[in-house]
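What the coordinates show
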Amino acid sequence: MGKETGFLEFEREERTYADPQERLKHYKEFVVPHDEAALQKQAARCMNCGIPYCHNGCPVNNIIPDWNHLVYEDDWRNALEVLHSTNNFPEFTGRICPAPCEAACTLNIVDAPVTIKSIECAIIDRGFKEGWVKPQVPEKQTGKSVAVIGSGPAGLACAQQLARAGHAVTVFEKSDRIGGLLRYGIPDFKMEKHLINRRAVQMEAEGVQFKTGAEVGVEVSFAALKENFDAVVLAGGAEDARKLDVPGAELPGVRLAMEFLTQQNKRNAGDDEVRAAPRGSLTATGKDVIVIGGGDTGSDCVGTSNRQGAKSVTQLEIMPKPPEKEDKLMTWPNWPMKLRTSSSHEEGADRDWAVLAKRVIEEGGDVSGLECVRIEWEGREMKEVAGSEFILPADLILLAMGFTGPLKRGLLDRAGVELCERGNVKADERRYATSEPNVYACGDMRRGQSLVVWAIREGRQAARAVDEALMGKSELPR
Ligand SMILES: Cc1cc2nc3c(=O)[nH]c(=O)nc-3n(C[C@H](O)[C@H](O)[C@H](O)COP(=O)(O)OP(=O)(O)OC[C@H]3O[C@@H](n4cnc5c(N)ncnc54)[C@H](O)[C@@H]3O)c2cc1C
Ligand code: SF4
């Protein structure tokens, strides 16, 4: 374990952020990492519990107490080995995972949890800095080939595992760059994109081929992939965004969050986003912005709007305001429902809960406001509060109300795979096999809108299932 008395001696210390006024001037990451001495103290707080609940709380089952101990012992290289044994991309999760492991940490019951996520991030950042992260080229090739459709975290993890098992892997990606939502959903200020490029270089050296601008079901024939590859993995994400169904929602100033976020990430990458965007350049500069949807996507819209210089930013949520603090004895070790204030919220936004959008108000052919009403929840039923209508001024309304599942047109229409009752691709969590022979599914396309760490888990497990099916056995970890 870290240090026997570490949790008694040291307080939890989180990474700090650059000052909001400073960080709002750019789109770069602004988390200030711990120095190594401070991290060793944080790692020393780990109690090496007989049953490490953190390990189960983490969807990739990171072996957290072991790497905490190794960091405390100043053995960073072995800490990296242990970390990589369960997680292909800890530099992603160490930045953007909501860290369910920390909610599950035993110290969280009566004290503050170990700073697991910060330690994870520091191990991998040090690994890259020291040049310890090398391509793992397989000793021999199997002669089998696999097509992976989609290059989000699920597709990337799956492709990397399969290439390391000796299969010839090609990743097909419809966008101009790989990464999925890591690239074009999550803003640069949460995760800079050179981190994806760095992994792509490693994966190419391991034998993975990337084909971008290649939409399967449109530019690339699904039937041809099935014909030419021994297995096909569907990892196309859950891209069907929930729409706003109220009068005025068709006005030009009502836009999907993903359109807005993608454009800014493209601008950051130096692209000509006006040319790229079918409906032209979209910015929040000088505008009263309303973000509908209180989740992560909405929070990313808040941070991006503030960086673009919005006049005001308001975020609305249909559900009631959650409690400030959870009742730990009721919720531990599970992920608790509680009020979450992101770094983007801290940069400035009005937040309101239990609010329903009723009508987009039009003036001169575009948006001028949003009429809302307060609601009350009785169980799963909502009721409008009579006389509580109000109007907010708005020039831009961003829809961040979640995703209903994968897009059906194109790929899934062509693939002909069965869908589950929620509209995701039907496949179980053991074999990841769809209703079509030799076709597998993982990540958001199989489980619905979720998290990066779940996508990595599913990509790894699907890779093992594919390897087993192709070779009769597999040494890949699940
Ligand atoms: C704005 C936003 C912020 C988020 N923030 C966080 C966060 O902070 N932390 C977190 O853990 N999770 C976050 N998430 C969720 C997380 O990004 C997803 O759960 C995760 O990326 C899913 O991974 P995936 O590989 O299954 O799919 P995706 O990342 O969606 O990747 C799917 C890829 O498949 C490609 N594709 C689709 N169809 C085809 C086709 N026919 N041919 C070729 N390519 C195709 C797509 O272009 C895309 O690149 C966020 C999501 C959004 C929208
Ligand atoms: S991947 Fe997420 S849940 Fe797992 S250890 Fe890292 S921060 Fe925790």
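Since we're looking at a predicted model, the values are computed, not measured. Counting starts from 1 at the beginning of each chain's written sequence and moves along it residue by residue. Each chain gets a letter, beginning with A, and each ligand a number, beginning with 1, in the order they are written. The predicted origin of the model limits local features to residues at a pLDDT of at least 70 and limits the giving and counting of side-chain atom pairs to 80 or more, whereas totals for whole chains, interfaces and linings rest on all residues. The side-chain figures draw on all heavy atoms in the structure; neither hydrogens nor water molecules are used.

At least two DSSP bridges between two strands are required for those strands to pair. In DSSP terms, a helix is any run of H or I states spanning at least four residues, a strand is any run of E spanning at least two, and both are numbered starting from the N terminus. One open sheet holds the 5 strands; their spatial order is β5-β4-β3-β6-β18, and the pairing between them is parallel. In the strand order of this sheet, the two ends are held by β5 (209–211) and β18 (439–441), each with one partner. The average undirected angle you get between the axes of adjacent strands in this sheet is 20°. Looking at chain direction, strand β4 (residues 168–172) and β5 are connected through 3 bridges and run parallel. Between N-to-C directions, angles cover 0 to 180 degrees, with each direction set by a line fitted to C-alpha atoms, over the stretch in contact for helices.

Any residue with a non-hydrogen atom lying within 4 Å of a molecule or strand is treated as near it. Taken together, 37 residues lie near ligand 1, and I96, E173, V216, D444 and V452 sit nearest. Measuring from an oxygen atom of ligand 1, one finds a backbone N or O atom of A154 at 2.9 Å. Contact between ligand 1 and K190: an oxygen atom at 3.0 Å from a side-chain N or O atom of the residue. For accessible areas, the Shrake-Rupley method is used with a probe of radius 1.4 Å. Any residue's cover is judged against the shown protein chains and nothing else. With the chains in place, 96% of the 1000 Å² that ligand 1 exposes on its own is no longer accessible. Elements with a minimum of two residues in the shell around ligand 1: α11 (153–164), α15 (257–268), α17 (296–308) and α22 (452–471). Element by element, the count of residues in the shell around ligand 1 is highest for α17, at 3 residues. Its residues assigned to classes, the shell around ligand 1 shows 18 nonpolar, 11 polar and 8 charged. Per-domain counts for the shell around ligand 1 show at least three residues from each of domain 2 (145–239 + 405–471) and domain 3 (254–399). A 3.5 Å cut-off defines polar contacts: any pair of N or O atoms within that distance qualifies, except that in protein one atom must be a possible hydrogen donor and the other a possible acceptor, and neighbouring residues in sequence count only when both atoms are side-chain atoms. Under the convention adopted here, Pro, Cys and the residues Ala, Val, Leu, Ile, Met, Phe, Trp and Tyr are nonpolar, Asp, Glu, Lys and Arg are charged, and Gly plus all remaining residues are polar. Segmentation into domains, and thus their bounds, comes from an automatic or database assignment.

So, about the site of ligand 2. With respect to spatial proximity, 13 residues lie near ligand 2, and among them C58, N62, C97, C101 and E120 are the closest. One can see that ligand 2 is located within the second largest cavity. Sorting the residues of the shell around ligand 2 by element identifies α8 (100–104) and α10 (116–130) as the ones contributing at least two each. Per-element accounting of the shell around ligand 2 gives the leading share, 3 residues, to α10. Its residues assigned to classes, the shell around ligand 2 comprises 9 nonpolar, 2 polar and 2 charged. Using protein atoms alone on a 1 Å grid, points that fit a 1.4 Å probe yet trap it form a cavity, whereas open point sets bounded by protein on both sides within 12 Å along at least five of seven lines form a pocket; residues with an atom within 4 Å of a point count as lining. Occupancy of a cavity or pocket is assigned to a molecule whenever over half of its atoms lie within 2 Å of that pocket's grid points.

This part is about the domain arrangement of the chain. Along its sequence, the chain is carved into domain 1 (6–129), domain 2 (145–239 + 405–471) and domain 3 (254–399). Listed as interface residues are 18 residues of domain 1 and, on the opposing side, 17 residues of domain 3. Here's the idea: put two parts together, see how much 1.4 Å probe accessible area each one loses, and the total over both is what we call buried area. Of the roughly 1500 Å² buried where domain 1 meets domain 3, counting both sides, 63% is carbon and sulfur surface. Contact with domain 3 buries surface across domain 1, with L24, Y27 and I109 losing the most and accounting together for 44% of the total. For salt bridges, the criterion is a side-chain nitrogen of Lys or Arg within 4 Å of an Asp or Glu carboxyl oxygen. Between domain 1 and domain 3 we count 2 salt bridges in total. When the shortest N-O distance is used, the salt bridge between R23 and E346 registers 4.0 Å. The interface formed by domain 1 and domain 3 includes 7 residue pairs in polar contact (both at pLDDT 80 or more). Among the secondary structure elements, those contributing two or more residues to the side of domain 1 that touches domain 3 are α2 (20–23), α8 and α9 (107–110). The element best represented in the side of domain 1 that touches domain 3 is α8, accounting for 3 residues. Residue classes in the side of domain 1 that touches domain 3 are distributed as 13 nonpolar, 3 polar and 2 charged. Contacts between residues were defined by any pair of non-hydrogen atoms, one from each residue, lying within 4.5 Å.

Below, the discussion takes up the packing of aromatic side chains. Aromatic rings from Phe, Tyr and Trp, taking only the six-membered ring of Trp, are treated as a pair when their centres fall within 6.5 Å; an angle between ring planes under 30 degrees marks them as stacked, one over 60 as edge-to-face, and anything in between as tilted. By the definition in use, this model includes 5 aromatic pairs. Where F30 meets F189, the ring centres are 6.4 Å apart and the plane angle is 25°; that geometry is what we call stacked. Here F30, found in the loop between α2 and β2 (31–32), pairs with F189, found in the loop between α12 (181–184) and α13 (194–205); they are 159 residues apart in sequence, far enough to count as distant. Here's how the labels work: a residue is buried when its accessible area is under 20% of the maximum for its type, exposed when over 50%, partly exposed in between, all with a 1.4 Å probe on protein chains only. In this structure F189 comes out as buried when scored by relative accessible area, which is 2%. Aromatic side chains F172 and F229 sit 6.0 Å apart centroid to centroid with 90° between the ring planes, which places their arrangement in the edge-to-face category. Taken together, the residues span a long stretch of sequence, with F172 in strand β4 and F229 in the loop between α14 (222–228) and β6 (231–234) at a distance of 57 residues. A residue is classified by how much of its surface remains accessible, and F172, at 6% relative accessible area, is buried. Members of the aromatic cluster, connected to one another through ring pairs, are Y17, F30 and F189. The ring of F189 is capped by R307, whose NZ or CZ atom sits 3.8 Å from the centre of that ring. As a reminder, the over-ring test applies to NZ of lysine and CZ of arginine, requiring each to be within 6 Å of the ring centre and within 35 degrees of the ring normal. The lysine or arginine in question, R340, covers the ring of W335, its NZ or CZ lying 3.9 Å from the ring centre.

Bringing the sheet that holds strand β9 (residues 288–292) into the picture now. With parallel pairing, the 5 strands of this open sheet are ordered in space as β8-β16-β9-β10-β11. Strands at the two margins of the open sheet, each flanked by one partner only, are β8 (254–256) and β11 (350–352). Mean inter-strand twist for the sheet, computed between neighbouring axes without regard to direction, equals 20°. In the packing of α15 onto the sheet, the strands contacted are β8 and β16 (396–399), and the crossing angle to β8 comes to about 70°. Set on the sheet, α17 makes contact with β9, β10 (312–316) and β16; between it and β10 the angle comes to about 175°.

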